[in-house]
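Notes for the structure review
This is what each chain is made of:
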Amino acid sequence: MTEPARRAFPVRVAAIDAGSNAIRFVVADFAAPDSYTIVHKLREPIRLGHRVFTDGDLDDETMARAVAAFRVFRRKIDGLGVERFRAVATSATREASNRDRFLDTVHAESDIVLEPISGAEEARLVHRAVRSRVDLSRGRWILADLGGGSVEISVVDETGILWSESYRLGTVRLLETLAAAAGCHESLRAWVRHQLQALIIPPPRAYRGPTAFAATGGNIVAIAKLAVGYLDPLKPATMPTSRLDAVIHMLTSMTVTERIRELALRPDRADVILPAAMVYRYLAQFVHAEHIVVPRVGVKEGVLLETAAGAATTPTDVCVSAGSRGQECRQGPG
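What counts as what
Residues numbered from 1 in each chain as written. Predicted model: local features only at pLDDT ≥ 70, side-chain atom pairs only at ≥ 80, totals over all residues. Heavy atoms only, no water. Helix = DSSP H or I, 4+ residues; strand = E, 2+ residues; numbered from the N terminus. Buried < 20%, exposed > 50% of the residue type's maximum accessible area, 1.4 Å probe, protein only. Contact = heavy atoms within 4.5 Å. Phe/Tyr/Trp six-rings, centres within 6.5 Å; stacked < 30°, edge-to-face > 60°. Salt bridge = Lys/Arg side-chain N within 4 Å of Asp/Glu carboxyl O. 1 Å grid on protein atoms, 1.4 Å probe; cavity = no way out; pocket = protein on both sides within 12 Å on 5 of 7 lines; lining within 4 Å. Points joined across faces, edges and corners; volume = space filled by probe spheres on them. Nonpolar A, V, L, I, M, F, W, Y, C, P; charged D, E, K, R; others polar. Polar contact = N/O pair within 3.5 Å; in protein donor to acceptor, adjacent residues only side chain to side chain. pLDDT = per-residue confidence, 0-100. Axes fitted to C-alpha atoms, helices over the stretch in contact; angles between N-to-C directions. Parallel < 35°, antiparallel > 145°, perpendicular 65-115°, else oblique. Left-handed = near helix turned anticlockwise from the far one by under 90°.

Observations concerning the overall build of the chain
From N to C terminus, the chain includes 14 helices and 13 strands. Looking at the 334 residues of the chain, the share that counts as buried comes to 53%. The contacts of the chain with a sequence gap of at least 6 include a subset with a gap of at least 24, amounting to 68%.

Details of the packing of aromatic side chains
Scanning the entire structure with this criterion turns up three aromatic pairs. An aromatic cluster is defined as three or more aromatic residues linked by ring pairs; in this entry it consists of F25, F70 and F73.

Description of the pattern of salt bridges
In total, this model carries 23 salt bridges according to the counting rule given. In this structure, E121 engages R124 in a salt bridge whose closest nitrogen and oxygen atoms are separated by 2.9 Å. One end of the pair is E121 and the other is R124, both in helix α5 (residues 119-130) and three residues apart, which spans about a single turn. A salt bridge links R281 to D245; the shortest N-O distance between them is 2.5 Å. Highlighted residues: R281 in helix α12 (residues 273-286) and D245 in helix α9 (residues 241-252), separated in sequence by 36 residues. Residue D245 is classed as partly exposed on the basis of its relative accessible area of 34%.

Things to note about the layout of surface pockets
By volume, the largest pocket amounts to about 1,400 Å³. Of all the elements in the fold, those that place two or more residues in the lining of the largest pocket are β2 (23-32), β3 (35-44), β6 (141-146), α8 (218-228) and α13 (299-309). Looking at which element gives the most residues to the lining of the largest pocket, the answer is β3, with seven residues. Class assignment of the residues belonging to the lining of the largest pocket gives a composition of 18 nonpolar, 18 polar and 14 charged. If you add up the space inside the second largest pocket, you get close to 180 Å³. What lines the second largest pocket is R189, V192, R193, L196, I248, M278, R281, Y282 and Q285. Residue assignment for the lining of the second largest pocket shows that the elements contributing at least two residues are α7 (188-196) and α12. Of the residues that constitute the lining of the second largest pocket, the class distribution is five nonpolar, one polar and three charged.

As for the side chain of R47
Within the fold, R47 resides in the loop between β3 and α1 (52-55). Of note is the side chain of R47, whose polar atom sits 2.9 Å from the side chain of D271. Dropping the residues within four chain positions of it, R47 is found in contact with S20, N21, T62, V172, D268, D271 and V272.

A few points about the confidence of the model for the chain
Residue-level pLDDT values for the chain average 88, and 87% of them are 70 or greater. Here residues 1-5 is a poorly scored stretch, pLDDT under 50, and it has zero contacts once near neighbours within four places are set aside; other chains count. Confidence over residues 313-327 falls short of pLDDT 50; this stretch has 33 contacts with residues more than four positions distant or in other chains.

Quick look at the packing of α7 against α12
The geometry of α7 relative to α12 is characterised by a closest axis approach of 10 Å and an angle of 45 degrees between their N-to-C directions. In this view, α7 runs oblique relative to α12, as classed from their interaxial angle. Relative to α12, the crossing made by α7 is right-handed. Contacts between α7 and α12 involve L188, R189, V192 and L196 from the first element and L274, P275, M278, V279 and Y282 from the second. Within the contact of α7 with α12, the residues separate by chemical class into eight nonpolar, no polar and one charged.

Regarding the environment of R24
Inspection of the secondary structure assignment puts R24 in strand β2. The residues contacting R24, other than those within four sequence positions of it, are A15, I16, D17, L42, R43, R269 and K300.

Here you go:
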């Protein structure tokens, strides 16, 4: 008599995305591989990219705040009965010269293995998240995921990723390198335009033109809210590029303090939202997109989906034992 298959669902999983501008923690209950409900989420405004993109290392104060956040995440994981989780870190951590000390301290203080991932892995996780929300079956798409330290640009269709590249061009990096180059450039717009020259994207004729352009990242959601008002949390938003132009014009006319006071933006969003809008506008113009689809998902949702999918496999294939604390997923299935 064969042993009955292990019951994979429902399962409670968590994802941690240690980005360059903030660290995000989310817990979700999965009824099926692509069907989940958010149970708890937390965003810690810890800018890991501070100093990394100019000095090359994480400063002690930033690391201490991040480690404290991971201790909170561990308590949440234990208290909420999370069965599986994965923690990933993006450009700021993978580029930091002292990243090993940071990763070791996080593990020692929280018993969480924080995994630096490549830009290619970021793009793959974003694609995984987007295809759970957007129908990619009709033609080809450009996906652009803009973070604090990098931007991942992919050409995709229903079969998968056809082309992808990660560029060291993110919002925190743009602001901090501009500050370091004070006096060399007259404006943020000029600096962004100068940095965008490094982007090499296949021209539309090379892939017969995408049917649409989708953008991910926290900034594009904030921009879309300013551009079109209410966003349905269960559906992707569609933003005309003309509305993006209007948002850029508005943001350019305001100081960071005014954006916080009048637009109710968080301080760590108010300073990076304008360079983000400029980058998204450049990309939309390059691919001749009249609208930008905003799926409202990103790396953390990709991590959630793959961690849940791993529940249907043998645990040792994708996870390491975390004792009574569940299983910690270091790498999801490919």
